[in-house]
Amino acid sequence: HRAGPLFQQQALGRGVASADYDNDGDLDLCVVHQNSPTALLENVSQRGHWLKFRLIGLSSNRSAIGTRVTVTQGEQTLYQELAGGTSYCASAQPVLIFGLGDSDLPCSVKIQWPNGTTQHISENFPVDQELLFIEEQPQPQLTHNAERN
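Nothing here was measured: the structure is a model prediction, and the numbers come from that model.

## Things to note about the nonpolar core
Counting 19 residues, the largest nonpolar core has F53, L55, V69, V71, V109 and F133 as the members making the most contacts within it. Of all the elements in the fold, those that place two or more residues in this core are β4 (49-56), β5 (68-73), β7 (95-101), β8 (107-112), β9 (118-125) and β10 (129-134). In contact with V71, other than residues within four places in its own chain, are L51, F53, Q76, T77, L78, F98, L100, C107 and S108.

## A few points about the pairing of β4
Here β4 lies mainly inside the structure; 6 of its 8 residues are buried. As paired elements, β4 and β7 share 6 bridges and run antiparallel to each other. If you follow R54 over to β7, its bridge partner there is V95. Of the strand pairs in this sheet, β4 and β10 are connected by 6 bridges, and their pairing is parallel. Among the inter-strand pairings, L51 is bridged to a residue of β10, identified as Q129.

What counts and how
Residues numbered from 1 in each chain as written. Predicted model: local features only at pLDDT ≥ 70, side-chain atom pairs only at ≥ 80, totals over all residues. Heavy atoms only, no water. Core = buried A, V, L, I, M, F, W, Y, C linked by side-chain atoms within 4.5 Å. Buried < 20%, exposed > 50% of the residue type's maximum accessible area, 1.4 Å probe, protein only. Helix = DSSP H or I, 4+ residues; strand = E, 2+ residues; numbered from the N terminus. Contact = heavy atoms within 4.5 Å. Pairing = 2+ DSSP bridges.

Right, dumping it as structure tokens:
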């Protein structure tokens, strides 16, 4: 019963898309059903710190599909790759969100673009923010900085 009323009923699902629709650093879900209304499921779970990346390719594909991002925070290193075509009848928000747990240490970032170039970015990115990286530009743009509650 803790998951909510949507999970107490039967439905024929057709697609699931993930997105951070409320810009709080976690993924929410949009579930598309056949012959039923679409459901937007807000992720209200307890979470720690995070970093979110938007990527735009210039000499690589504009959607930056295939870009690999490495985030290092203290002794922890995390990897993700931006993928396309991740769901049937739906499309996920093209972002990478790194969950960092309780640590609020600044992070360093390495980006490997599909064309083979690699960017090593500052070692002092604060947590809990969204950054826009545009290929071939030396520094990202801050697009969203969350205030912690």
